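Fold and contact review
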Amino acid sequence: MGAVSEQTQTTTPRISRRIGAIAESATLAVDARAKALKAQGRPVIGFGAGEPDFPTPDYVVRAAVEAASQPVNHRYSPAGGLPDLKAAIVAKTQRDSGYAVEPAQVLVTNGGKQAVYNTFAALLDPGDEVILPTPYWTTYPEAIRLAGGEPVEVFAGADAAYLVTVEQLEEARTERTKVLLFCSPSNPTGAVYPPEQVEAIGRWALENGIWVVTDEIYEHLLYDGAQAPSMPVLVPELADTCVVLNGVAKTYAMTGWRVGWMIGPKDVVKAATNLQSHATSNVANVSQRAAVAALEGSLDAVQEMRVAFDRRRGLMVEMLNAIEGVHCPVPQGAFYAYPSVEGVLGKEIRGRRPGTSAELAELILDEVEVAVVPGEAFGPSGYLRLSYALGDDDLVEGVGRIQALLGEAR
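To keep things clear, this report deals only with the structure shown in the data block. (Residues numbered from 1 in each chain as written. Predicted model: local features only at pLDDT ≥ 70, side-chain atom pairs only at ≥ 80, totals over all residues. Heavy atoms only, no water.)

A word on empty space enclosed by the protein
As enumerated under the stated definition, the model contains five cavities of 30 Å³ or more in all. The volume enclosed by the largest cavity comes to roughly 130 Å³. In this structure, the largest cavity is lined by 16 residues; those nearest its centre are Pro133, Pro135, Cys183, Ser186 and Tyr193. Broken down by secondary-structure element, the contributors of at least two residues to the lining of the largest cavity are strand S3 (129-134) and strand S5 (177-183). Looking at which element gives the most residues to the lining of the largest cavity, the answer is S5, with three residues. Across the lining of the largest cavity, the residue classes break down as twelve nonpolar, four polar and no charged. The calculated volume of the second largest cavity comes to roughly 60 Å³. Lining the second largest cavity are Phe182, Ser184, Tyr193, Val198, Thr214, Glu216, Gln227, Ala228, Pro229, Ser230 and Met231. In the lining of the second largest cavity, the residues fall into six nonpolar, four polar and one charged. (1 Å grid on protein atoms, 1.4 Å probe; cavity = no way out; pocket = protein on both sides within 12 Å on 5 of 7 lines; lining within 4 Å. Points joined across faces, edges and corners; volume = space filled by probe spheres on them. Helix = DSSP H or I, 4+ residues; strand = E, 2+ residues; numbered from the N terminus. Nonpolar A, V, L, I, M, F, W, Y, C, P; charged D, E, K, R; others polar.)

Below, the structure written as structure tokens:
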């Protein structure tokens, strides 16, 4: 009996194949390594984190403190979200996007990541394909696979300003295509699709019976007069096969509060709410009350952040493009620069010859103690992602170190 038990233990995987196949979040891993080195007293500058370096607005914090003192918030609440927050999301969506929805179309989630997973879990069956414009946010393909789907990458590089075309999408479409993931402004590239291209992509999806999952988390972080209209507003007929993802994290500097949401057809939202009722139940009530205050307040906080991000954006892009072998398109949204470093790869730098952007990122961290995220986290090698959501002095110092290091490439 003991021998059989021992044999079973050696042949049966301890971790399920589904979970064992998940890749660690590369962006969080880079951020964690940078923070660990800082804790050791190393002068590390981290460009990995995708979060504003501003505090949450005072009025939001005050609302949370008040909520924490109310016993009603010490109890379970509806799994799908507080009625007050759903109403605030409905009003905000109408105000900011011109998209009219009902509370029954809203599910409040534990951050945007849960909204992403819930949506794919509600829509996908095993073997369903999801067209994924690439470079993509690192969580998308993992959430798709967890839900049983298969991501189909459609790549647009720096020469195309990281914008995929309808022709590319059509080439990738098969009889198994069920969903298109759309994100504008984009993480990781900061690319913003012009309104006419948003509408063209929406019309293509509608004509081919393809669902659209559109991530609008960076909707207010736009520069140079760029616009990011909501796809179901430009293509109203798409509303019945479209899910909109959003949250308070980026707009209100509330990444740690963990409040996101999905907006979609009632049957999809009901199914996702059932899932959440078993997975996590309600989002923390204090965080939900804080989100109500954020959504019902002004957008002054995001305007202040946008001014700072715009200044840093120009400075970072200028410094990166001054490096021989580096090409960085000007991002029109979010707070990321996504330079191509293909012109540097293969060259000798301090006795090493990095052949991939992952090897280059490791070299940069080892030699000049600057943390960046390699392109492999978001698709093909040959790129780096740098967040400019950090102080001006650190930005100049960090990119300056990269300039000096890569200037040695031979």
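Overview of the packing of helix H5 (residues 83-97) against helix H12 (residues 285-296)
Packing of H5 against H12 leaves a shortest axis separation of 9 Å and a crossing angle of 25°. Here H12 runs roughly parallel to H5, going by the angle between their axes. With respect to the hand of their crossing, H5 and H12 are arranged in left-handed fashion. Listed contacts from H12 to Asp84, Leu85, Ala88, Ile89, Lys92 and Arg95 of H5 are Gln288, Arg289, Ala291, Val292, Leu295 and Glu296. (Axes fitted to C-alpha atoms, helices over the stretch in contact; angles between N-to-C directions. Parallel < 35°, antiparallel > 145°, perpendicular 65-115°, else oblique. Left-handed = near helix turned anticlockwise from the far one by under 90°. Contact = heavy atoms within 4.5 Å.)

Examining the sheet that holds strand S11 (residues 373-374)
Strand order in the open sheet made by the three strands is S9-S12-S11, with antiparallel pairing throughout. Single-partner strands in this sheet number two, and they are strand S9 (336-337) and S11. Each of S11 and strand S12 (384-387) is contacted by helix H14 (residues 357-368), which is oriented at about 45° to S12, the strand it contacts most. (Pairing = 2+ DSSP bridges.)

So, the layout of surface pockets
Approximately 520 Å³ is the volume attributed to the largest pocket. Along its surface, the largest pocket is lined by 27 residues, and Gly50, Lys113, Trp137, Lys250 and Arg258 are the ones closest to its centre. Of all the secondary structure elements, the ones that give two or more residues to the lining of the largest pocket are helix H3 (26-39), helix H6 (111-123) and strand S7 (242-247). Residue composition of the lining of the largest pocket, by class: eleven nonpolar, nine polar and seven charged. In this model, the second largest pocket occupies a volume close to 270 Å³. Around the second largest pocket, the lining is made up of 16 residues, and of these Asp31, Lys38, Gly46, Ala49 and Leu390 lie nearest the centre. Elements represented by at least two residues in the lining of the second largest pocket include exactly H3 and strand S1 (45-46). Residue contributions to the lining of the second largest pocket peak at four residues, all from H3.

Structural notes on the environment of Ile45
Tracing the backbone through its elements, the reader meets Ile45 in strand S1. Linking Ile45 and Ala34, residues eleven residues apart in sequence, is a C-alpha distance of 7.3 Å. Other than its neighbours up to four places away in sequence, Ile45 contacts Glu369, Val370, Ala371, Leu390, Asp394, Glu397, Gly398 and Arg401.

Some points on the nonpolar core
Grouped together as the largest cluster of nonpolar side chains are 58 residues, with contacts concentrated most on Leu85, Ile89, Leu180, Val212, Val248, Ile263 and Leu295. Among the elements that take part in this core, H12 stands out by supplying five residues, more than any other. (Core = buried A, V, L, I, M, F, W, Y, C linked by side-chain atoms within 4.5 Å. Buried < 20%, exposed > 50% of the residue type's maximum accessible area, 1.4 Å probe, protein only.)

Let's talk about the pattern of salt bridges
Taken as a whole and judged by the stated rule, the model has 23 salt bridges. For the salt bridge of Glu150 with Arg176, the shortest nitrogen-to-oxygen distance reads 3.3 Å. One end of the pair, Glu150, is in strand S4 (residues 150-155); the other, Arg176, is in the loop between helix H8 (166-172) and S5, and 26 residues separate them in sequence. Taking the relative accessible area as the measure of exposure, Arg176 reaches 40% and is therefore partly exposed. A salt bridge links Arg401 to Glu397, with the shortest nitrogen-to-oxygen separation between them at 2.9 Å. Residue Arg401 and its partner Glu397 are both found in helix H15 (residues 392-406); the two are separated by four residues, about one turn of the helix. A relative accessible area of 39% means that Glu397 is categorised as partly exposed. When salt bridges with common partners are traced through the structure, they connect Arg350, Arg352, Asp366, Glu367 and Glu408 into a single cluster. (Salt bridge = Lys/Arg side-chain N within 4 Å of Asp/Glu carboxyl O.)

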